[in-house]
Amino acid sequence: MPPDFQRIVCSNRSYQWCVPAMKGLTHAGQFVAALRCRFYIGATARPDLRRELTLSPSAAGLLLSCAFPASPANPLAFAYGPAWAYVALVPLFASLANSVRTGHTLGACFRKGWACGTVFSLLTLYWVAFTQGGGPGVVGGTLLLSAYLGVFAGTFASALATLVRSFGSPAWLSAPVLWTACEYLMTVGELGFPWLLIGHSQAAMPSLIQYAEFTGVYGVSFWIVSVNVTLYLLVAEPLRANRAVVLGGLALLFFVPWISGIGLTRAHKATGSRVID
């Protein structure tokens, strides 16, 4: 490392930053030192940043796709199930938290969310590429559709990172509101796409989502993201003093829908209404 640099290592070992020791340098020397510092940062941090922009968000998109039914021809169809939705966003949250700690731009946070949403859309909408006889036009349209849907997850990620950067750990609790709002925006307008909302993954769990009678699928999406963010706070955030409270909140997130589902099912059966349970 050049002698006119001081090395500063952030809390995350993957990112190393350096600043020039400006004392005794002329203006020209300061300019040259700044260029060398910029080159050093790009040479050390950029590969790790590229990997992080790809791996964790893509893993979140993969887990989200596993929460939806797979093709019967898929040899791994047995591994798919709605329970994956409860943990799918945790890798994305962890990646965004790292971005906040290490000072990544909002553009980097947006790209993480976009990668998650695009991978999820590609893995769940793959069948569209086989319709209308397939062909380059249909395949290209599927890719464009997935990229477009990823924009909403990217918007969610950048908005959440902004709030966490401004208000700290409590801002994670805004994640369910932000995600549900982005899902709603995705369904309106001429380009609205009201399919594959995260709440739709729970169609096979009617005992837990009877409240959808009042909230619609958006209420189910809100609940799923609440479970995800509670799990993230439980395992990743420095909340050891309040860990029992978070664990109790996680238990309530499952107990309340379950017990309310039992009550609503009994009430509807008593009135002779058709109930799916």
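Higher on the page you've got the structure.
What counts and what doesn't
Residues numbered from 1 in each chain as written. Predicted model: local features only at pLDDT ≥ 70, side-chain atom pairs only at ≥ 80, totals over all residues. Heavy atoms only, no water. Helix = DSSP H or I, 4+ residues; strand = E, 2+ residues; numbered from the N terminus. Buried < 20%, exposed > 50% of the residue type's maximum accessible area, 1.4 Å probe, protein only. Areas by Shrake-Rupley, 256 points an atom, 1.4 Å probe, with all protein chains shown as cover. Patch = residues over 30% accessible without salt bridge, like charges linked within 9 Å, V, L, I, M, F, W, Y side chains within 5 Å. Salt bridge = Lys/Arg side-chain N within 4 Å of Asp/Glu carboxyl O. Axes fitted to C-alpha atoms, helices over the stretch in contact; angles between N-to-C directions. Parallel < 35°, antiparallel > 145°, perpendicular 65-115°, else oblique. Left-handed = near helix turned anticlockwise from the far one by under 90°. Contact = heavy atoms within 4.5 Å. Core = buried A, V, L, I, M, F, W, Y, C linked by side-chain atoms within 4.5 Å. Polar contact = N/O pair within 3.5 Å; in protein donor to acceptor, adjacent residues only side chain to side chain.

A. Main features of the overall build of the chain. The helix and strand inventory of the chain stands at seven helices and two strands. Secondary structure elements of the chain, listed N to C terminal, follow the sequence β-β-α-α-α-α-α-α-α. By residue count, 42% of the 277 residues in the chain fall in the buried class. Roughly 14,900 Å² of accessible area belongs to the chain as shown, and the carbon and sulfur atoms make up 69% of that amount.

B. Local environment of the environment of L125. Counting through the fold element by element, L125 comes out in the loop between α3 (106–124) and α4 (136–167). Sequence separation between L125 and S65 is 60 residues, and the spatial gap between their C-alpha atoms is 9.6 Å.

C. Just a nonpolar patch on the surface, in detail. Taken together, L62, L122, L123, V139 and L143 make up a surface patch of nonpolar side chains, about 390 Å² in accessible area. Looking at the nonpolar patch, the elements that each hand over two or more residues are α3 and α4. Looking at where L123 falls in the secondary structure, it is placed in helix α3.

D. Up close: unusual backbone geometry. We note that L196 has phi near 60°; this positive angle belongs to a residue other than glycine. Judged by its relative accessible area of 21%, L196 falls in the partly exposed class.

E. Region of interest: the packing of helix α2 (residues 90–102) against α4. Direction vectors running N to C along α2 and α4 enclose 50°, while the axes themselves pass 10 Å from each other. By the criterion of interaxial angle, the relationship of α2 to α4 is oblique. Crossing angle aside, the handedness with which α2 passes α4 is right-handed. Note on element contacts: α4 touches α2 through F156, A157, L160, A161, V164 and R165, opposite L92, F93, L96, S99 and V100.

F. Looking closely at the nonpolar core. Among the nonpolar cores identified, the biggest contains 44 residues, and L64, L89, F93, F156, L160 and W172 are the most heavily contacted of them. Elements with a minimum of two residues in this core: α1 (27–66), α2, α3, α4, α5 (175–187), α6 (212–235) and α7 (243–270). Look past the residues within four positions of L64 in its chain and what remains in contact with it is A88, L89, C116, F120, W179 and I198. L125, M186, F193 and L197 belong to the second-largest nonpolar core, a separate cluster that totals seven residues.

G. Broad picture of the side chain of T124. If you trace the backbone, T124 turns up in helix α3. Reaching out from T124, the side chain makes a polar contact with the backbone oxygen of F120 at a distance of 2.7 Å. Excluding its chain neighbours within four sequence positions, the residues that come into contact with T124 are S65, F68 and L196.

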